[in-house]
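Here is what each chain is made of, one letter per residue.
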Amino acid sequence: MTALIHDPASQDPAGVGTRVAHESAAQHVTGEALYTHDLATRDKASLHAWPVQSPHAHARITDMRLGAAWEVPGVVDILTADAVPGLNDAGVKHDEPLFPSEAMFFGHAVCWVIGESTEAARIGAEAVEVDYEPLSSIVTLTEAIEAQSFQGPQHLMERGDSAPALEGSAHRYRGSFEFGGQEHFYLETHASFARVDEGGQVMVNSSTQHPTETQEIVAHVLGLSSHEVTVQSLRMGGAFGGKEMQPHGLAAVAALAAVRTGRPVSLRLTRTQDITMTGKRHPFHAEWEVGFDESGKLTALEATLTSDGGWSMDLSEPVLSRAMCHIDNAYMIPNVTVHGRIAQTNKTSQTAFRGFGGPQGMLVLENILGRCAPLLGIDAGELRRRNFYQPGDTTPYGQPVRHAERMPDIWSTLAERAEVVRRKAEIAEFNAGHTHTKRSLAMTPVKFGISFNFAAFNQAGALVHVYKDGSILINHGGTEMGQGLHTKMRQVAATTLGVRLDRVRLAPTRTDKVPNTSATAASSGADLNGGAVKNACEQIRERLAQVAAGTFGANPHDVRFDGDGVAALGKDPVPFEQVVSDAYMQRVQLFAAGYYRTEGIHWDSSTMHGSPFKYFAYGAAATEVEVDAFTGAYRVLRTDIVHDVGDSLSPLVDVGQIEGGFVQGTGWLTLEELRWDTSDGERRGRLATQAASTYKLPSFSELPGEFNVHLYERATESGVVYGSKAVGEPPLMLAMSVREALRTAVEAFGPEGVEVDLGCPSTPEAVYWAIQEAERSWEADDAGPQRAAATATPVPAADAAERPTRKAESV
């Protein structure tokens, strides 16, 4: 592991740790960057696929008549279960039939029509006649819990003895909390392009985060072995987890059609199809009970987390496990009992989304602390600070909290950089002078574990070629979805070999170049693939050092690769390409297969115990908001972030990831609301928010007016490539500072000590109703901190549909 963290050999200005632009930035902004569907449009022989979607949330298919569809001009093929030569299943759990006999959600694709054009395929799909027998359906989490509709195993995570700890707590509260999911809304919808060569090899270009798993699913649907299928991921126009599991069945449809027709086949979902057919972030419901001592220290937590998995398992089990492992966030809780279960509903199969359950788990506890702080008479930020992990502490699942001292240091650094003390005084003065507008500033922390829950996924491979002219080509198992992974891999290779960045080129990710790859997910892309690329480059560098040592008459250990040249002690450097040419003439191997696996992790999912994470990424955000009492509308005035990325591989990329993650998290928590029809009518189960016109995404107007991001210093992480840390997912949870700022702004409309039960997503509507409730608290004769006893009142029935949470109940 020490080889991973030594100082970079290269002093090239574009090496590791320097600010360089995204490797495809110019192509992105000029429109020259190619995506999966662009490849299809260049092939004039390509056919096109269109789905026939179910108009029921749950229904048995009793008959399917295809005659009229076959008569449509341009229809070439119609795919049903009878067309599958292998296994009719698109999932790794074998619970997702590619061509179902029972529609499990509104919009479920029951068959596919292949046409000479998209229009021909669409008209053909409309001509397919399907008879359905509607069945009872479950659409909401509440319905699933009442019906005991669960799927997969249920989990329990325990530490200490929570029941007596709660009994002995000076302060004890209970409540519930339900919050929604999130649509990925990547710019590029799901797309696949398949063709078959003269030898029968199936080639699939797919917008996928997990090419190997796409390869496996395509192979078993076609009844082939994996070596007969090649999957390539050129690049993705966004993914965020939505292209980890969901692309497999779509790629299989395109490949099946290509095999049957002998022609290339393109499948690209429209925006509405993508939203209605593919999974989202898991909504969660939580029942909780928490205890505090007299000083506000957490003493115990009992919680039951129920995730909405949709109609099939997908990745719901590891998402739930990560939620349970992150319910502690950055806080020490001595006694913990957490139950976890997955609801089965008649909705899209919910899937991976940036944070992968971690945000849901953290949100539960951040919501608890935000609601209980005024009842305890403690500032919410101070309550959080008092409960931070300390060196020597362990998590509820038994992992030591390494570098726990970073969290309070980040917290104090942020408070200083954001001028929190001064600004809070100014906010108090502003609020005193404004009756109908209030401001607030809130700080929230993040402690996020990095590694896959499934240990076998924590490995990666790379293939590095050095050509005779000194140019370098890299293949690695990670996929590029705009996050800058390829940029970082070029920097790692350039630094390890001591060459200019422009010598290094990335090839598209392909399963016939690097096999058995893991998904580019869990924020592990740079850690895993960077380790593999570095390993391959070090093998080549060692061979070149032997060659150069002979040229210089020096010891190989004294050879240095730096500044695009090679030198030895006391000798003038020679160009890198000269050493490469010499190596070729001496028949020295100039390519290498690199490999990396994460050491030191272990996990027992049956007991929910172990050390599942290589390390923790820390961070904190301070956000100031302004809220209008008449409408509930609000503005994010300023956000300051201090975030731990270790020794950054590429600071410009990392800052962009932090900014983007924060904004996406703000969208989930405050704007983006998925609405399904829960009526008993014929449209029950239909997703009403099917486009940007009905699904509110964050835009420039929702960005903080002032946005400051600072990378935490003194943060080298041992055992990771060049001391860096993952940056993809952890910043999303920093957005909880926005929601907590909204909560404390609402508190300012009520009497001191008022508890604010804020719906989530905290839309202007939810904020408005919370303000109304806070203002009603003035009517209580005993308004003040002692109002804790009055919080046993449930949410009024009239508000229950809009605001599914309950007030914290003093026990």
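Before any of the text, the structure's been laid out above.
Residues numbered from 1 in each chain as written. Predicted model: local features only at pLDDT ≥ 70, side-chain atom pairs only at ≥ 80, totals over all residues. Heavy atoms only, no water.

Participant: How should the side chain of Glu626 be read in this particular structure?
Facilitator: With respect to the secondary-structure elements, Glu626 resides in strand 27 (residues 615-628). On the accessibility criterion, Glu626 (15% relative accessible area) is buried. (Helix = DSSP H or I, 4+ residues; strand = E, 2+ residues; numbered from the N terminus. Buried < 20%, exposed > 50% of the residue type's maximum accessible area, 1.4 Å probe, protein only.)

Participant: Would you explain helix 13 (residues 406-417) in this entry?
Facilitator: For an α-helix, 3.6 residues make a turn, and residues three or four places apart therefore share a direction. Look at helix 13: 16 Å from first C-alpha to last across twelve residues, which is about the 16 Å you get at 1.5 Å a residue. Every buried residue of helix 13 is listed here: Arg406, Met407, Ile410, Trp411, Thr413 and Leu414. Just downstream of helix 13, Glu419 is the residue with a positive phi angle, here 50 degrees. (Expected span 1.5 Å × (residues − 1).)

Participant: Would you mind showing me how to read the pairing of strand 15 (residues 335-343) here?
Facilitator: Counting buried residues in strand 15 gives eight out of nine residues, a clear majority hidden from the surface. Where strand 7 (residues 150-159) lies against strand 15, seven bridges are found, and the strand directions are antiparallel. Within strand 15, the position partnered with Met157 by the bridge is Val338. Where strand 14 (residues 298-308) lies against strand 15, nine bridges are found, and the strand directions are parallel. Residue pairing for strand 15: Ser307 is matched across the bridge by Ile342. For the handedness criterion, the β-α-β arrangement of strand 14, helix 10 (residues 316-325) and strand 15 is classed as right-handed. (Pairing = 2+ DSSP bridges. Right-handed = clockwise from strand over helix to strand, strands pointing away.)

Participant: Is there a simple way to think about the sheet that holds strand 28 (residues 634-643) in this case?
Facilitator: Within a sheet, adjacent strands bond to each other through the backbone by hydrogen bonds, running parallel or antiparallel. If you walk across this open sheet you meet the four strands as 16-27-28-29, and the pairing is mixed. The strands lining the two open edges of the sheet, one partner per strand, are strand 16 (437-450) and strand 29 (706-711). Taking the axes of each pair of neighbouring strands and ignoring which way they run, one obtains an average angle of 15 degrees across the sheet. The pairing of strand 16 with strand 27 spans 14 bridges and is classified as antiparallel. Paired with Ala442 across the two strands is Thr623, which belongs to strand 27. (Axes fitted to C-alpha atoms, helices over the stretch in contact; angles between N-to-C directions.)

Participant: In this structure, what is going on with the side chain of Glu188? I would like to understand it.
Facilitator: Structurally, Glu188 is set in the loop between strand 8 (171-179) and strand 9 (191-196). The buried category is assigned to Glu188, whose relative accessible area is 11%. Polar contacts involving the side chain of Glu188 include one to the main-chain amide nitrogen of Gly237, which spans 2.9 Å. In contact with Glu188, not counting residues within four places along its chain, are Tyr35, Thr36, Ser207, Arg235, Met236, Gly237 and Lys243. (Polar contact = N/O pair within 3.5 Å; in protein donor to acceptor, adjacent residues only side chain to side chain. Contact = heavy atoms within 4.5 Å.)

Participant: Any chance you could explain the packing of aromatic side chains here in plain terms?
Facilitator: The geometry of an aromatic ring pair is captured by the separation of the ring centres together with the interplanar angle, meaning the angle of the planes. Under the definition given, this model contains 15 aromatic pairs. Plain terms: the ring middles of Phe179 and Phe284 are 6.1 Å apart, the flat faces sit at 5 degrees to each other, and that makes the pair stacked. One end of the pair, Phe179, is in strand 8; the other, Phe284, is in strand 13 (residues 284-292), and 105 residues separate them in sequence. A residue is classified by how much of its surface remains accessible, and Phe179, at 2% relative accessible area, is buried. (Phe/Tyr/Trp six-rings, centres within 6.5 Å; stacked < 30°, edge-to-face > 60°.)

Participant: Would you take a moment to explain helix 19 (residues 736-747) for this structure?
Facilitator: For helix 19, built from twelve residues, the straight-helix expectation of 16 Å at 1.5 Å per residue is met to within 8% by its first-to-last C-alpha distance of 17 Å. In terms of burial, helix 19 is a largely internal element, twelve of the twelve residues being buried. For helix 19, the full list of buried residues reads Met736, Ser737, Val738, Arg739, Glu740, Ala741, Leu742, Arg743, Thr744, Ala745, Val746 and Glu747.

Participant: Would you mind going over the sheet that holds strand 5 (residues 109-115) with me for this structure?
Facilitator: Read from one edge of the open sheet, eight strands run 3-5-1-12-9-10-11-20, paired in mixed fashion. The sheet terminates laterally at strand 3 (75-79) and strand 20 (509-510), the two strands that pair on one side only. Judged from the four bridges that link them, strand 10 (residues 202-206) and strand 11 (residues 229-233) form a sheet pairing that is parallel. Counterpart to Val204 in the pairing with strand 11 is Val231. Helix-sheet contacts for helix 8 (residues 247-261) involve strand 1 (47-53), strand 3, strand 5, strand 9, strand 10 and strand 12 (265-268), and the interaxial angle to strand 9 is about 30 degrees.

In short, the description is geometric, and any link to function would need to be established separately.
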